[in-house]
Amino acid sequence: GVITATNPAWTTVLGWREHELIGANLFDLIHPDDIAHTTAGAQELENGTSHQRFDNRYRHRDGSYRWISWSTRPHDELINAVGRDITRDKEQMAELETVQNTLRQSQKMEAVGQLTSGLAHDFNNLLAGISGALQLMQMRMQQGRTNDFERYIATALGASRRAAALTHRLLAFSRQQTLTPKATDVNRLVT
């Protein structure tokens, strides 16, 4: 990891002058998060493996870090490396990922809005059946007629069971409740 030679690009890209680098340990310039990765790469070079592309971050003289993409090869107990500053490329990739994540979140929210709208409509239909049956029962009670209560109770119970089934499916969809799969007679269902 001891630097034995540099070229003017070190000064151009990272701000360090040659006399500041010769004899310095390369690992003193590497971003702390990249030490393990770089150590593993150095071990590969020591074992004779070259790298066509090896990316890590180096500290600029001003304290900031720059991404450098290296092409490396071992030779006579030295590592020869040619690097290219890819900092802007990495920043653009990060910006693109942020924009893509924002777009995905926006699409998810749009889908949630559509789902919510559909669910509200379905629940309103179910509640209308329950409410309508209860209102008819109330009117009949006020008129003193109790003969059709069974039919209205069955209508309200049926709508409440459908609402409970819809809630069950929603919970399963959101993975809050497990589905209980069962065999279905498709012909009967279609009929």
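We now turn to the structure provided with this report. (Residues numbered from 1 in each chain as written. Predicted model: local features only at pLDDT ≥ 70, side-chain atom pairs only at ≥ 80, totals over all residues. Heavy atoms only, no water.)

1. What to know about the side chain of Thr 87
So, point 1. Residue placement: Thr 87 occurs in helix 4 (residues 87–143).
So, point 2. Judged by its relative accessible area of 11%, Thr 87 falls in the buried class.
So, point 3. Separated by 2.8 Å, the side chain of Thr 87 and the backbone nitrogen of Trp 67 make a polar contact.
So, point 4. Within the structure, Thr 87 has its side chain in polar contact with the side chain of Asp 85 (distance 2.6 Å). (Helix = DSSP H or I, 4+ residues; strand = E, 2+ residues; numbered from the N terminus. Buried < 20%, exposed > 50% of the residue type's maximum accessible area, 1.4 Å probe, protein only. Polar contact = N/O pair within 3.5 Å; in protein donor to acceptor, adjacent residues only side chain to side chain.)

2. Remarks on the environment of Glu 18
So, point 1. As for its position among the elements, Glu 18 is in helix 2 (residues 18–21).
So, point 2. A relative accessible area of 44% places Glu 18 in the partly exposed class.
So, point 3. Between the alpha carbons of Glu 18 and Ile 3 there is a distance of 9.8 Å; along the sequence they are 15 residues apart.
So, point 4. Residue contacts for Glu 18: discarding those within four places in its chain leaves Thr 6 and Thr 11. (Contact = heavy atoms within 4.5 Å.)

3. Focus: the layout of surface pockets
So, point 1. Taken as a whole, the largest pocket spans an internal volume of roughly 990 Å³.
So, point 2. Only helix 1 (9–14), helix 3 (35–46), strand 1 (51–59), strand 2 (65–75) and strand 3 (78–85) provide two or more residues apiece to the lining of the largest pocket.
So, point 3. Broken down by element, the lining of the largest pocket gets its largest block of residues, eight residues, from strand 3.
So, point 4. Here the lining of the largest pocket is built from residues that sort into 20 nonpolar, 14 polar and five charged. (1 Å grid on protein atoms, 1.4 Å probe; cavity = no way out; pocket = protein on both sides within 12 Å on 5 of 7 lines; lining within 4 Å. Points joined across faces, edges and corners; volume = space filled by probe spheres on them. Nonpolar A, V, L, I, M, F, W, Y, C, P; charged D, E, K, R; others polar.)

4. Considerations on the sheet that holds strand 2
Strand-to-strand pairing in sheets goes through backbone hydrogen bonds, with the strands running parallel or antiparallel.
So, point 1. Taken together, the three strands give an open sheet; going across it, the order is 1-2-3, and neighbouring strands pair in antiparallel fashion. Here the strands that pair on one side only, and so sit at the sheet edges, are strand 1 and strand 3. With strand direction ignored, the average angle separating the axes of adjacent strands in the sheet is 35°.
So, point 2. Bridge count between strand 1 and strand 2: seven bridges; the pairing is antiparallel. Among the inter-strand pairings, Arg 57 is bridged to a residue of strand 2, identified as Trp 67.
So, point 3. Sheet strands in contact with helix 3 are strand 1, strand 2 and strand 3, and its direction is about 140° off that of strand 1.
So, point 4. Lying on the sheet, helix 4 is in contact with strand 1, strand 2 and strand 3; it crosses strand 2 at an angle near 125°. (Pairing = 2+ DSSP bridges. Axes fitted to C-alpha atoms, helices over the stretch in contact; angles between N-to-C directions.)

5. Some thoughts on the pattern of salt bridges
So, point 1. In the structure shown here, the tally under the stated rule is six salt bridges.
So, point 2. For Asp 34, the salt bridge identified is with Arg 57, shortest N-O distance 2.9 Å. Of this pair, Asp 34 sits in the loop between helix 2 and helix 3 while Arg 57 sits in strand 1, and the two are 23 residues apart along the sequence.
So, point 3. You can call Asp 34 buried: its relative accessible area is 7%.
So, point 4. Owing to a relative accessible area of 18%, Arg 57 belongs among the buried residues under this scheme.
So, point 5. In this structure, Asp 89 and Arg 84 form a salt bridge, with 3.6 Å as the shortest nitrogen-oxygen distance.
So, point 6. The exposure class of Asp 89 is partly exposed, given its relative accessible area of 37%.
So, point 7. When its relative accessible area of 47% is taken as the criterion, Arg 84 is described as partly exposed.
So, point 8. Put simply, Arg 88, Glu 91 and Glu 95 are held in one network by salt bridges that share partners. (Salt bridge = Lys/Arg side-chain N within 4 Å of Asp/Glu carboxyl O.)

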